[in-house]
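# A structural walkthrough
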Amino acid sequence: MSDQTAAVRIRFVLVGTQHPGNMGAAARALKTMGLARLVLVAPEKPLDEEAFRRSAGAEDVLGDAPVVATLAEAVADCTLVLGCTARARRVQLEELLPAVAAARLADKAGEGAEVALVFGRERTGLTNEELQLCHAAVHIPSDPAFSSLNLAAAVQVLAYEVRMRLLQATPVPALPSADGGAREQPASHEQMESFFGQLGQTLDEIDFHKGRAPDSAMRKLRRLFLRAEPSEQEVRLLRGILADAQRMAKLAR
Ligand code: SAH
């Protein structure tokens, strides 16, 4: 059974696109698969005639696409963010096959969450900093000797997999949590980033790094907490612990 209500909560985010024509072709790829939510992050050039020509009937999807300045802004309200990469990166993220990624996105969206699939620039893909904002990476298992698909072709592959999953999906009733109460809301991207900000500050204040560069520890901690997909309540609990640690550190100074 097709689950159209889940489809509206799945957004495809194109970061720093260099050729406007690719944005048009991506809009077409989405529309053929019954998807319509495209978000453009700081495209190099504005949409032009070529972009609308390549959208070939998906002018509505392209014209409705919001343009925002940063990836963080594009995914602020999302509880699952997956980043598509053509090659392995230094950022050690879990790497998913397209069908597995599509299942996670469609299932989360089916539970009422906002989710995002992120695509990089034609020349250079996503930066490591942008991948850091993602819960996991998605790789289309192309020939390692020629691994990079055209941007809109990559969008088509993922849009197809999402559609396949949505066609199979029967809406799942929300599961009760362990304590028998209603299922807790997962923390949003924005809430996780505020938590990471406070965690970084606390580690400084308790002199955790002792002169070492903080980046490596923060990367590992981000990975751990993003993998756990904590609820809003769990993030509040963690932030309460941090606030107490910060208070004690201040007293000790
Ligand atoms: N030279 C760039 C390729 C960018 S292609 C690089 O090395 O990353 C533009 C975008 O299409 C990529 O950022 C990625 O989001 C997507 N893409 C292309 N090929 C892909 C593949 N094999 N698997 C997953 N995503 C891919």
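Refer to the preceding data block for the structure.
Every value quoted in this text rests on a predicted model; they were computed, and no experiment measured them.

Procedures and definitions
Residues numbered from 1 in each chain as written. Predicted model: local features only at pLDDT ≥ 70, side-chain atom pairs only at ≥ 80, totals over all residues. Heavy atoms only, no water. Phe/Tyr/Trp six-rings, centres within 6.5 Å; stacked < 30°, edge-to-face > 60°. Helix = DSSP H or I, 4+ residues; strand = E, 2+ residues; numbered from the N terminus. Buried < 20%, exposed > 50% of the residue type's maximum accessible area, 1.4 Å probe, protein only. Polar contact = N/O pair within 3.5 Å; in protein donor to acceptor, adjacent residues only side chain to side chain. Contact = heavy atoms within 4.5 Å. Salt bridge = Lys/Arg side-chain N within 4 Å of Asp/Glu carboxyl O. Axes fitted to C-alpha atoms, helices over the stretch in contact; angles between N-to-C directions. Parallel < 35°, antiparallel > 145°, perpendicular 65-115°, else oblique. Left-handed = near helix turned anticlockwise from the far one by under 90°. Nonpolar A, V, L, I, M, F, W, Y, C, P; charged D, E, K, R; others polar.

## Observations regarding the packing of aromatic side chains
In this description, an aromatic ring pair is defined by two values, namely the gap between the centres and the angle between the planes. Taken as a whole, this structure holds three aromatic pairs when the rule is applied. Here the aromatic rings of Phe12 and Phe119 are separated by 5.9 Å at their centres, their planes lie at 10 degrees, and the arrangement is stacked. With a gap of 107 residues between them, Phe12 in strand β1 (residues 10–15) and Phe119 in strand β6 (residues 115–119) connect regions that are remote in the sequence. Between Phe195 and Phe225, the ring centres sit 5.0 Å apart and the planes meet at 85 degrees, which makes this aromatic pair edge-to-face.

## What about the side chain of His139?
Relative to the assigned elements, His139 resides in the loop between β7 (136–138) and α8 (151–168). With relative accessibility at 16%, the residue His139 sits in the buried group. From its side chain, His139 meets the backbone oxygen of Thr85 in a polar contact 2.9 Å long. For His139, the contacting residues outside a window of four places in its chain are Thr85, Ala86, Arg87, Glu95, Leu96, Leu97 and Pro98.

## Looking at the environment of Ser216
By secondary structure assignment, the location of Ser216 is in helix α10 (residues 215–228). C-alpha of Ser216 to C-alpha of Leu97: the two residues are 119 residues apart in sequence and 26 Å apart in space.

## Observations concerning the environment of Val118
Note that Val118 resides in strand β6. By relative accessible area, which is 0% here, Val118 ends up buried. Counting along the chain gives 13 residues from Val118 to Leu131, while the straight-line C-alpha distance between them is 9.0 Å. The residues contacting Val118, other than those within four sequence positions of it, are Val13, Val15, Leu71, Val81, Leu82, Gly83, Cys84 and Leu126.

## Observations concerning the pattern of salt bridges
Summed over all chains, the structure comprises 13 salt bridges. Glu94 is the partner of Arg104 in a salt bridge, and the nearest nitrogen-oxygen pair spans 3.1 Å. In this pair, Arg104 sits in helix α6 (residues 98–110) while Glu94 sits in the loop between β4 (80–84) and β5 (95–96), placing the two residues ten residues apart along the sequence. Since its relative accessible area comes to 39%, Glu94 is described here as partly exposed. Between Asp107 and Arg165 there is a salt bridge, and its shortest N-O distance comes to 2.8 Å. Remark: Arg165 occurs in helix α8 and Asp107 occurs in helix α6; sequence separation between them is 58 residues. In this structure Asp107 comes out as partly exposed when scored by relative accessible area, which is 32%. A network of salt bridges, in which partner residues are shared, links Arg11, Arg37, Asp77 and Glu114.

## Some remarks on the packing of helix α2 (residues 20–32) against α8
Running from N to C, α2 and α8 cross one another at 15 degrees; their axes reach a closest spacing of 8 Å. By the angle class used here, α2 and α8 are roughly parallel. Crossing handedness for the pair α2 and α8: right-handed. Of the residues in α8, those in contact with Asn22, Ala25, Ala26, Ala29, Leu30 and Thr32 of α2 are Leu151, Ala152, Val155, Gln156 and Ala159. Among the residues making up the contact of α2 with α8, the classes are represented as eight nonpolar, three polar and no charged.

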